[in-house]
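# Structural overview for review
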Amino acid sequence: AATSGSSTIRCMRGHRVDANMVCGTCRPVLSELHAGAGAGHSITKKSVCDLLPSVVVVALWDADTQCFRNVGSGFVVDRKYGLVVTAGHILFNMVPGHDFGAPYFGLKNTKIAVGIIPGGCAGDENTADKTAFFRYFAEIVASDIHRVDACVLKITTRMENDVASDAQIATQSETLVDFQKEELAALKITRRYELEETVRVLGFNQGGEGLLEQGKHVNRSADFAKGYICKRFTASDDHSNSSDESSTNGGEFSPREEIVIMCPTIIGHSGGAVVSDEGKVIGILSRVDPAENHRCYLVPASEIKILISSAKRTVNAMSRSVDAVDAVAR
């Protein structure tokens with residue numbers, strides 16, 4: 001059976017047995033995936049390399065110090081509008097208190113830099129360059145920071161050159177982005193997920209690597225971490241949170257819904273896309289449990305979709321306003 005490629009054999013009593021279990025061999029992955037795809041029983045797993053072209057590094061740049069104030073991850077969710085999803089705490093102050101929710105941490109002279117992997121991740125998975133360079137500037141177009149640790153950015157301008165560090169950003173001239181000419185790749189999002197489902201967190205860890213200490217450099221090499229879904233958490237499960245109004249108006253974070261996964265993430269992965277085997281985004285990484293650092297909380301796709309819809313309305317309204325001004329000028 002092992003040499004002939006037969007998937008089953010029969011014992012002396014006529015029972016059918018998986019030949020791979022008897023022979024100690026592995027089922028051919030490609031044939032299984034393609035055979036089951038039509039029947040809806042199996043899913044073609046997308047490789048990390050296929051997904052990385054849509055993954056971005058997001059940095060808050062302080063023009064006064066000419067340094068990055070905060071760095072995290074994100075992903076392109078819409079090519080037409082140039083929309084990027086990332087974690088709210090990368091760009092907002094989310095420390096409980098009277099300054100909670102302050103955009104750009106209260107800094108007055110900042111820009112949001114977005115880095116992508118030039119040319120995607122083409123080539124052999126083991127040799128392809130997965131290093132990102134900062135190429136775009138963006139602005140926040142949707143957020144709900146008291147309830148959702150996520151925000152949507154719109155890419156607005158492109159730097160004259162791709163840059164590797166914060167020190168180079170100040171010298172870059174900017175041009176408006178024509179998204180029909182840009183080769184952006186986007187990830188699809190889905191509300192569907194199951195407990196025990198395997199997931200992958202895609203992003204740019206900033207926890208240090210080898211001899212490079214945390215905080216001493218900006219890591220632009222994409223990586224991933226594997227985990228699994230263990231729980232769905234909603235605000236109704238937290239009986240200590242008795243007043244929705246007080247938490248919304250107060251200086252604290254009170255999420256409506258989160259997905260809990262077990263995964264060894266690292267600082268910098270915040271905002272990174274958490275994808276299923278199909279390569280669809282089920283959420284983004286929000287935070288790590290302080291008592292158990294492998295227990296992570298995600299902003300679910302259901303909340304992200306609300307923000308995306310809001311972002312598109314905002315972008316369309318801005319476009320209509322610009323058109324109206326141009327019409328008056330003519």
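Residues numbered from 1 in each chain as written. Predicted model: local features only at pLDDT ≥ 70, side-chain atom pairs only at ≥ 80, totals over all residues. Heavy atoms only, no water.

Turning next to the pairing of strand β14 (residues 281-289). The buried fraction of β14 is high, at 7 of 9 residues. Between strand β13 (residues 273-275) and β14, which pair antiparallel and follow one another directly, the connecting turn spans 5 residues, one of which, Gly279, has a positive phi of 90°. Summarising the sheet, β14 and strand β15 (residues 292-300) pair through 6 bridges and their orientation is antiparallel. Paired with Val288 across the bridge in β15 is Cys296. (Buried < 20%, exposed > 50% of the residue type's maximum accessible area, 1.4 Å probe, protein only. Helix = DSSP H or I, 4+ residues; strand = E, 2+ residues; numbered from the N terminus. Pairing = 2+ DSSP bridges.)

Attention now goes to the nonpolar core. Counting residues in each nonpolar core, the largest one holds 43 residues, and the members touching the most others are Phe75, Leu83 and Val152. When sequence neighbours within four positions are dropped, the list of residues in contact with Val152 reads Leu83, Val84, Val85, Glu139, Ile140, Val141, Ala142, Leu307, Ile308 and Ala311. Membership of the second largest hydrophobic core comes to 23 residues, among which are Val58, Val76, Ala87 and Phe100. (Core = buried A, V, L, I, M, F, W, Y, C linked by side-chain atoms within 4.5 Å. Contact = heavy atoms within 4.5 Å.)

Sheet strands pair via backbone hydrogen bonds, and the direction of the pair is either parallel or antiparallel. Spatially, 6 strands are ordered β10-β11-β12-β15-β14-β13 in a closed barrel, and the strand pairing comes out antiparallel. Across the sheet, the axes of successive neighbouring strands diverge by a mean angle of 45°, strand direction being ignored. By the bridge criterion, 3 bridges tie β13 to β14 in an arrangement that is antiparallel. Within the sheet, the bridge partner assigned to Val275 lies in β14 and is Val281. (Axes fitted to C-alpha atoms, helices over the stretch in contact; angles between N-to-C directions.)

Turning next to the pairing of strand β3 (residues 55-62). Counted residue by residue, β3 has 8 buried out of 8 residues, so it is predominantly covered. Here β3 shows no split at all, with Val55, Val57, Ala59 and Trp61 on one side and Val56, Val58, Leu60 and Asp62 on the other all buried. One ladder, built from 8 bridges, connects β3 with strand β4 (residues 67-78); its direction is antiparallel. Bridge pairing links Leu60 to Asn70 in β4. Two successive antiparallel strands, β3 and β4, enclose a turn made up of 4 residues, where Gln66 displays a positive phi of approximately 55°. Sheet topology note: the β3/strand β6 (residues 110-116) ladder contains 6 bridges and is antiparallel. Pairing of Val58 across the sheet is with Val114, part of β6.

Take the state of the cysteines next. Going through the model one piece at a time under the given rule, you end up with 0 disulfides. Left unpaired, Cys296 is separated from the closest cysteine sulfur, that of Cys263, by 5.6 Å. Judged by its relative accessible area of 0%, Cys296 falls in the buried class. (Disulfide = S-S within 2.5 Å.)

Let us look at the confidence of the model for the protein chain. Averaged over every residue, the pLDDT of the protein chain is 85; residues scoring 70 or more account for 75%. The low-confidence segment residues 242-247, where pLDDT is below 50, has 6 contacts with residues more than four positions distant or belonging to other chains. (pLDDT = per-residue confidence, 0-100.)

Here we take up empty space enclosed by the protein. In total, this model carries 1 cavity of 30 Å³ or more according to the counting rule given. As a volume, the largest cavity reaches approximately 40 Å³. The wall of the largest cavity is formed by Arg147, Val148, Asp149, Phe253, Pro255, Glu257, Glu258, Leu298, Val299, Pro300 and Glu303. Those elements that place two or more of their residues in the lining of the largest cavity are β12 (257-262) and β15. When its residues are assigned to classes, the lining of the largest cavity shows 6 nonpolar, no polar and 5 charged. (1 Å grid on protein atoms, 1.4 Å probe; cavity = no way out; pocket = protein on both sides within 12 Å on 5 of 7 lines; lining within 4 Å. Points joined across faces, edges and corners; volume = space filled by probe spheres on them. Nonpolar A, V, L, I, M, F, W, Y, C, P; charged D, E, K, R; others polar.)

Moving on, we get to the packing of aromatic side chains. Describing an aromatic ring pair means giving the distance of the ring centres and the angle of the ring planes. Applying the stated criterion to the full structure yields 1 aromatic pair. Above the ring of Phe105, the side-chain terminus of Arg69 is found at 4.2 Å from the ring centroid. The positively charged end of Arg220 is found above the aromatic ring belonging to Phe133, 4.7 Å away from the centroid. (Phe/Tyr/Trp six-rings, centres within 6.5 Å; stacked < 30°, edge-to-face > 60°. Lys NZ or Arg CZ within 6 Å of the ring centre and 35° of its normal.)

Next up on the list: unusual backbone geometry. With phi around 60°, Tyr104 is a residue other than glycine that occupies positive phi space. In this structure, Tyr104 sits in the loop between β5 (83-86) and β6. Backbone geometry at Phe105 places phi at a positive 60°, although glycine is not the residue there. Here Phe105 lies in the loop between β5 and β6.

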